[in-house]
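Examination of the molecular architecture
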Amino acid sequence: MFAYIVRRLVYGVITLFVLSALVFMLVQFGGGSPLDRLRLNPRMVNVIQKLTVKYGLDLPLYQQYFKWLSGFVSVDRFVVLGASAWIGFGSVVAATAGLFFTKVKATWFRPARAFGVVAIWVSFFWFAKSRVDFAMDWGDSFRGDGPVWDLVFGAAGATFRLGVTALTLALIIGLPLGVFQAVRQYSFFDQVGTLGSFIAFSTPIFIVATGLQVVLAFYLERWTGLKLFFVVGMTQVGYGDLGRLAQMGDIFRHLALPALSIALISIAGYARFQRAAMLEVLHSDYLRTAKSKGLPRRTVLVKHALRNALLPIVTIVTLDVAGIIGGAIITESIFGWPGVGRLYIGAINAVDYPVIMAIVMVIGMGIVFMNIVADILYGVLDPRVRYE
């Protein structure tokens, strides 16, 4: 397993290198320049010349690329505030090693160990976030908005909140919907669910988002006289003056529609995949054996059928985590959500190369990482899978 992970990481680095080169060339040959807006003023000739030299826009294309690449992989600052972060890191490493060297023959231990390691490291990063000052040298925005690292990760929190909410909605609704459709195969509910899934899955996300704005915001307010949902921004004016519960309610009213617009497509996909996986398990020989033993229907469905039908869904959901960011790019622009997607669209309009490259690479790293996580989880959850 360790050799497989190392090999996948090497392949991932090569993939990201090729991705960065392709995207850099596409941006360069896409037309336009970050200084075009300044050329409209004839008095800005000297300023344009200085900025051209400062940003290296007068260099050959390959030199511009390697200059960007060297900065992208360089650390700008790394400061540990206090010894608690180092102690926490040592504790996490020790706990991870202890879990991997612990031998338990119970079938539940392998998945529990995997999720335990993930939980430990996620908790550590959350703990170290306020105790470590870290930044990569991704350069400055051509629009003068400051360091690219601060821009991207300053907006990442809003996108993370939107993505997690959308993924949670998709899992809570999509998986049970698929299971129920499989158990009630060819019923009226199954037919309606299949039709709805195909419609939702084939509808572009900008139409879904606009439709939700029109129906659940404008018309619902007209019919009920109550403004239940907002269609722009993440908070309203005077948010800081609200109480804790009122602030949570305000965020929910802003978050509901953009999260639902992203989740609807994932709900349709999860329901279809879960239905297909569940039907395959329901018609398997070992499930017929479980039924012939006289086991209760609930035990057969939950313990034997659902447990095995969830294996392929783990891979799909893991890979979809990074794909949700792609949906957020359009959704954030429609709803004015202050996340990475809105920042990305603004950078494209301004031909802001450093911001465009940083966001594309972050998404690429997320996809590569989640692919590796999906393979590892599949090997952990299914003992039949072995990586050599």
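Below you will find a few notes about this structure.

Turning our attention to a nonpolar patch on the surface. A contiguous nonpolar surface patch, about 1100 Å² in accessible area, is contributed by V6, V10, Y11, I14, F17, V18, L22, M25, F29, Y62 and F66. Sorting the residues of the nonpolar patch by element identifies α1 (2-29) and α4 (61-72) as the ones contributing at least two each. Per element, the largest residue contribution to the nonpolar patch is nine residues, and it comes from α1. For F66, the location among the structural elements is in helix α4. Residue F66 is classed as partly exposed on the basis of its relative accessible area, which comes to 47%.

The subject of this paragraph is the packing of helix α7 (residues 148-183) against helix α8 (residues 188-202). Put simply, α7 and α8 touch, their axes get as near as 8 Å, and they point 135° apart. It follows from the interaxial angle that α7 and α8 lie oblique. Helix-helix and strand crossings are classified by hand; for α7 and α8 the assignment is left-handed. From α7, L177, F180 and Q181 reach across to α8, where they touch F189, D190, G193 and T194. Per-class residue counts for the contact of α7 with α8 are three nonpolar, three polar and one charged.

What follows concerns the nonpolar core. Counting 39 residues, the largest nonpolar core has W68, W138, V355 and I359 as the members making the most contacts within it. When contributions to this core are tallied by element, the ones reaching two or more residues are α1, α3 (45-54), α4, β2 (132-136), α7, α13 (340-349) and α14 (353-381). Among the elements that make up this core, the one with the highest residue count is α14 (11 residues). Look past the residues within four positions of W68 in its chain and what remains in contact with it is S20, F24, M357 and M361.

Reading guide: rules and limits
Residues numbered from 1 in each chain as written. Predicted model: local features only at pLDDT ≥ 70, side-chain atom pairs only at ≥ 80, totals over all residues. Heavy atoms only, no water. Patch = residues over 30% accessible without salt bridge, like charges linked within 9 Å, V, L, I, M, F, W, Y side chains within 5 Å. Areas by Shrake-Rupley, 256 points an atom, 1.4 Å probe, with all protein chains shown as cover. Salt bridge = Lys/Arg side-chain N within 4 Å of Asp/Glu carboxyl O. Helix = DSSP H or I, 4+ residues; strand = E, 2+ residues; numbered from the N terminus. Buried < 20%, exposed > 50% of the residue type's maximum accessible area, 1.4 Å probe, protein only. Axes fitted to C-alpha atoms, helices over the stretch in contact; angles between N-to-C directions. Parallel < 35°, antiparallel > 145°, perpendicular 65-115°, else oblique. Left-handed = near helix turned anticlockwise from the far one by under 90°. Contact = heavy atoms within 4.5 Å. Nonpolar A, V, L, I, M, F, W, Y, C, P; charged D, E, K, R; others polar. Core = buried A, V, L, I, M, F, W, Y, C linked by side-chain atoms within 4.5 Å.

Worth remembering: the numbers are spatial, not functional.
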